[in-house]
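Geometric and topological summary
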Amino acid sequence: MSTILILEQVLNGLQFGIMLFLMAAGLTLIFGVMGLINLAHGSLYMVGAFAAAAVAGATGSFLLALAAALAAAAVAGAIIEIVVIRRLYRAAHLDQVLATFALILIFSEGTRWVFGSFPLFLDVPSYLSGPVTLPGGIQYPLYRLALIAVGLAVAVFLWWLTARTRIGIQIRAGENDREMIAALGVDISRLYTLVFALGAALAGLAGALVGAIQSVQVGMGEPVLILAFVVIVIGGIGSIKGAFIGAVLVGLTDTLGGIFLPELFKLFMEPGAATQTGSALASMAVYILMSLVLIWRPTGLFGARA
Amino acid sequence: MSEPVLATRNLKKAFGALQATDDVSIDLRAGEIHAIIGPNGAGKSTLIAQICGGYRPDAGTVHLAGVDVTSLSTAERAQRGLGRTFQISALAMEDTVLENALLGAVGHARKPWRLWGAVERDRSLRDRAMEALARVGIADLADQITANLSHGQRRQLEVAVALTLAPKAFIMDEPMAGLGAEGSKVMTTFLDGLRSEAPILLVEHDMDAVFALADRISVLVYGRVIATGSVEEIRNSREVREAYLGEEA
Amino acid sequence: MIAERWINWIVLLGFVVLPLWALFADEPFTITLATRAVILALAAVGLNIALGIGGLVSLGHAVFFGLGGYAMGILAHHAQTYAPLELGPLVIEGTKSMPIIWVTALVTSALAALVIGLLSLRTTGVYFIMITLAFGQMFFFFSISWSAYGGEDGLSIYVRNDFPGLNTLQPIQFFGLCLAVLCLALGIHSRLRTSPFGLALNAARQAPERVETVGLNPMRLKLLAFVISGALTGLSGALFADLNRFVSPTMFSWQLSGELIVLIIIGGVGRLMGPVIGAALFVALEHLLGGLTEFWLVWLGVILLLIVLFARGGIIGILTGKAGPNV
């Protein structure tokens, strides 16, 4: 197997991981600040993708489509936070799970109602399509490189936001002590709506960006959501840094496992059986990774609390 | 003198820069009530947690009946004879008072793996639970839901659950809190009689109760034991007055 | 307000009367619907032991449902193709016998629950929810990529499996068999709940530190509850596969795990008959609303939201006026 192929797959894994980071960052932020487990985060990913596909279809502009994805997901997030989610902050985890599961049903079936069951397609804009040649002679799709760049930019933005701004200080204070921050005169319910909308916008952005390389359809959010959970379990709840490292680990494991495990098994098995065993094992690889982290560190790599 | 029932040696525990317990060595001897007093934040709760297994100490040991239990879990220490009551009641609030006492009986009889047969129809478990409730004076509340009890009654139930374990040593975290004058008096009389059964390490804010009950008192300030002695010795110690009672010497 | 005991008997009576009526009215589809409700109820009764008594919010119980389904699918597949399953030196003949399939389903899902429980119970709260969900997804993707048993397409079984002394091809007889298994599971739940183990488990949900201070290990109590719970849900999976004569990866799906929790919450969490009432209502809604609109799940979502926000005790909570255990 050539070095070029390996490097290409590493880039693919990185790109996948970075998109997972956009999901996981919002989830971990929402859990860290409000203590809420949000199953409907995948629905916001889907909302972003559908909004982007609809706007791109109407205007032909990819940038407008991205803006629409961010806006639609943020607005949807703010609405569900105000109508439903804020009643759940002090509720049991079971209630949070059930209420956000109900939101998934409403969002998924509602979207099916409006857009139908057929997948939509979102095209990569012409200025980002086609391959570029990287140092070392690797041909790699420009769009995927752009995804990596956007994801890294978001990671830097989140670091700046939490470490360097007033809102970031409020967010970190809110993680430690709600009463404290309320006593400091911060409007806590507005802060919560803001954080939730920010997480939602990140999910919507991820949905729109990934929507251009996969199809846009109902139910697209949940598999990504569950992988984002795996990322958080590995990285540690509430830690943006953990979410980033966990996401890259999961992205690389999933992508490289799918390519290399069947090859690995071909070394000592007949090709047919090797492909089957290898791909079956590859489908489990990230969960095995998660189990190993759990055995080693039950609260994740960067998690402080249980 | 015989070996202490419970002994800590040089216990240390820090949370970041805060040294919650610093070199704490305390003995609990057979037949005594040993009170730990100290201002809020002195490290009393951290000390109890280290004795009972909630926290691993950074350094030091805990011995129960001559055996080093420092590395054992909370449950294993309980099995070896540590009976604990909580400052903030840790009870099954949806269950009845009797069911909470029965839990202690199930733990004492090591019967948690019995999947068949109603626990309330097991005579030996039920008798043990009812006896403990009767001893602290809440047998008439057996069928009440625990959440409906007053704070004082919950304290009594805490003590009753510890009684079902027939422990070698009691660790009691503020058993008087919320009892009121009359209740305090009853509890004081009860604990006074209990020390012959098993010694009691008593953390308590109610100084009247402490002075009435304690054979010895240790004073904990900023994680350190600044004095240990009889009631008289502690009352008259200048160091204690300065550090704890806040009086000018 | 109605006593819970009366509600329980009325519901059970309904499960006897309705199918008998359907038998005489010649409405076999109603019997099939009732069988579906009984099997889903069995799955949820299993989950209710972990969730309702032990407070374990498992979002991965579809693992056991699916394992039970595939235990049936794989054994029956080898029986109908007359090709034994060869695992190295071990040769396993397929079978069409329900008792053998059931034991296989129980043992397989109990073992899976043991391993998953050991890993996920190292954590609590939100971590536990996410990890069980993730393990569910692992089995889902594994079953899709393992092509020997149909992969994504699943496995069809031509004829329903046999039970000694019954003609399981008759819907009413298969229904009766499933109802008997459900009653057995309800018996297990109610015995367990009042046993020393149930007392300790119930306390471990409410005050784990208390359970530790009486010398018991809450984690081990929860682990056993998880294993028993997983085994019962696994058994229901085998029956479900036999009802449809079909298994596929969707039995492992996270939606199914979510729906099992939904059934319990609709009926009443921690209540003996909560899962049964929930399953009956779920199947009825699915059938009635599903006939009116293609998008009935929207309405299920709305109903669920209302129950979570305003009626925590579910149907039994509303009828008895008692909120029930807090999970």
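Residues numbered from 1 in each chain as written. Chains lettered and ligands numbered in written order. Predicted model: local features only at pLDDT ≥ 70, side-chain atom pairs only at ≥ 80, totals over all residues.

Turning next to the overall build of chain B. Assigned secondary structure in chain B consists of 9 helices and 10 strands. Taken over 249 residues, chain B has a buried fraction of 48%. If you take every contact in chain B between residues at least 6 apart in sequence, the share linking residues at least 24 apart comes to 64%. (Helix = DSSP H or I, 4+ residues; strand = E, 2+ residues; numbered from the N terminus. Buried ≥ 20, exposed ≤ 12 C-beta atoms within 10 Å, placed from the backbone. Contact = placed C-beta atoms within 7 Å.)

Of regular secondary structure, chain C possesses 13 helices and 4 strands. For chain C, whose C-alpha radius of gyration is 19 Å, the value lies close to the compact-globule estimate of 20 Å for 327 residues. Over its C-alpha atoms, taken along the principal directions, chain C stretches across nearly 55 × 50 × 40 Å. Per-residue burial over chain C gives 59% buried out of 327 residues. (Rg over C-alpha atoms; globule rule 2.2 N^0.38 Å.)

The next subject is the sheet that holds strand 4 (residues 59-64) of chain B. Residues and elements named next belong to chain B. Read from one edge of the open sheet, 4 strands run 2-1-4-5, paired in antiparallel fashion. Both edges of this open sheet fall to strand 2 (18-28) and strand 5 (67-68), since each of them pairs with a single strand only. Pairing analysis gives 8 bridges linking strand 1 (residues 6-15) to strand 2, with the strands arranged antiparallel. The residue of strand 2 that forms the bridge with K12 is D22. (Pairing = 2+ DSSP bridges.)

Each partner contributes to the interface: chain C provides 23 residues, whereas chain B provides 29 residues. When residues of the side of chain C that touches chain B are traced back to their parent elements, those giving at least two are helix 6 (171-194), helix 7 (196-206) and helix 8 (208-213) of chain C. Looking at the side of chain C that touches chain B, its residues break down into 11 nonpolar, 8 polar and 4 charged. (Nonpolar A, V, L, I, M, F, W, Y, C, P; charged D, E, K, R; others polar.)

Let us now look at the domain arrangement of chain B. All names here are of chain B. Looking at the assigned domains, one finds that chain B contains domain 1 (1-81 + 169-249) and domain 2 (90-166). A straight line from the C-alpha centre of domain 1 to that of domain 2 covers 26 Å. A total of 4 residues in the side of domain 1 that touches domain 2 trace back to one element, the largest contributor, which is helix 6 (residues 180-194). Here the side of domain 1 that touches domain 2 is composed, by residue class, of 7 nonpolar, 3 polar and no charged. (Domains from an automatic or database assignment.)

Let us look at the environment of A132(B). Residue and element names in this part refer to chain B. Here A132 shows up in helix 4 (residues 123-135). Its 25 C-beta neighbours within 10 Å are what place A132 among the buried residues. Remark: the alpha-carbon pair of A132 and A162, spanning 30 residues in sequence, is separated by 8.6 Å. Look past the residues within four positions of A132 in its chain and what remains in contact with it is A101, G104, A160, L163 and T164.

A few words now on the packing of helix 3 (residues 62-81) of chain C against helix 5 (residues 125-145) of chain C. All names here are of chain C. Where helix 3 contacts helix 5, the axes come no closer than 8 Å and their chain directions differ by 30°. Relative to helix 5, the element helix 3 is oriented roughly parallel. The residues of helix 5 that touch helix 3, namely those facing A62, V63 and G66, are F135, G136, F139 and S143. Its residues assigned to classes, the contact of helix 3 with helix 5 comprises 4 nonpolar, 3 polar and no charged. (Axes fitted to C-alpha atoms, helices over the stretch in contact; angles between N-to-C directions. Parallel < 35°, antiparallel > 145°, perpendicular 65-115°, else oblique.)

Attention now moves to the interface of chain C and chain A. Contacts between chain C and chain A engage 39 residues on the former and 38 residues on the latter. Elements with a contribution of two residues or more to the side of chain C that touches chain A: helix 5, helix 10 (254-267) and helix 12 (296-310) of chain C. If one sorts the elements of the side of chain C that touches chain A by residue count, helix 5 of chain C sits on top with 14 residues. Looking at the side of chain C that touches chain A residue by residue, the class counts come to 29 nonpolar, 9 polar and 1 charged.

Let us look at the sheet that holds strand 6 (residues 82-85) of chain B. Whether parallel or antiparallel, the strands of a sheet pair through hydrogen bonds between backbone atoms. Residues and elements named next belong to chain B. Strand order in this open sheet of 6 strands is 6-7-8-3-9-10, and the pairing throughout is mixed. Two strands close off the open sheet at either side, each with one partner strand: strand 6 and strand 10 (224-229). Within this sheet the neighbouring strands show an average axis-to-axis angle of 15°, counted without direction. Examined bridge by bridge, strand 3 (residues 33-37) and strand 8 (residues 200-203) share 4 bridges and lie parallel to one another. Its bridge partner being in strand 8, I33 is matched across the sheet by I200. Of the strands in this sheet, strand 3, strand 6, strand 7 (169-173), strand 8 and strand 9 (216-221) touch helix 1 (residues 44-52), which is tilted by about 150° from strand 7.

We now examine the nonpolar core. Ranked by internal contacts, the top residues of the largest apolar core, which has 300 residues, are A52(A), A69(A), V230(A), L42(C) and A134(C). Examining the composition of this core, we find that 17 residues originate from one element, helix 2 (residues 28-53) of chain C, more than from any other. Taken together, domain 1 (1-81 + 169-249) and domain 2 (90-166) of chain B each give at least three residues to this core, which thus spans both. The residues touching A69(A), leaving out its near neighbours within four places in the chain, are G48(A), A49(A), A51(A), A52(A), G204(A), L205(A), G207(A) and A208(A). (Core = buried A, V, L, I, M, F, W, Y, C linked by C-beta atoms within 7 Å.)

Here we take up unusual backbone geometry. Residues and elements named next belong to chain B. A positive phi angle, near 50°, is found at R110, a position not held by glycine. Looking at where R110 falls in the secondary structure, it is placed in the loop between helix 3 (97-109) and helix 4. If you check the backbone angles, E174 has positive phi at about 55° while not being a glycine. Along the chain, E174 falls in the loop between strand 7 and helix 6.

Residues and elements named next belong to chain B. Side chains of strand 6 alternate between two faces, with L82 and R84 and G83 and T85 buried alike. Here strand 6 pairs with strand 7 via 4 bridges, running parallel. Following the sheet pairing, G83 is matched in strand 7 by F170.

All names here are of chain C. For the pair helix 3 and helix 9 (residues 218-244), interaxial distance at closest approach is 6 Å and the crossing angle is 50°. Considering the angle they form, helix 3 stands oblique to helix 9. As for the relative orientation of helix 3 and helix 9, their crossing is right-handed in sense. In this structure, helix 3 contributes F64, F65, G66, L67, G68, G69, A71, M72 and G73 to the contact, and helix 9 contributes G230, T233, G234, L235, S236, G237, A238, F240, A241 and D242. Across the contact of helix 3 with helix 9, the residue classes break down as 9 nonpolar, 9 polar and 1 charged. (Left-handed = near helix turned anticlockwise from the far one by under 90°.)

Our focus in this paragraph is the environment of Q170(C). Residue and element names in this part refer to chain C. Position of Q170 relative to the elements: it lies in the loop between strand 3 (155-156) and helix 6. On the basis of neighbour counts, which here come to 14 C-beta atoms within 10 Å, the residue Q170 falls in the partly exposed class. For the pair formed by Q170 and P28, sequence separation is 142 residues and the distance between their alpha carbons is 9.4 Å.

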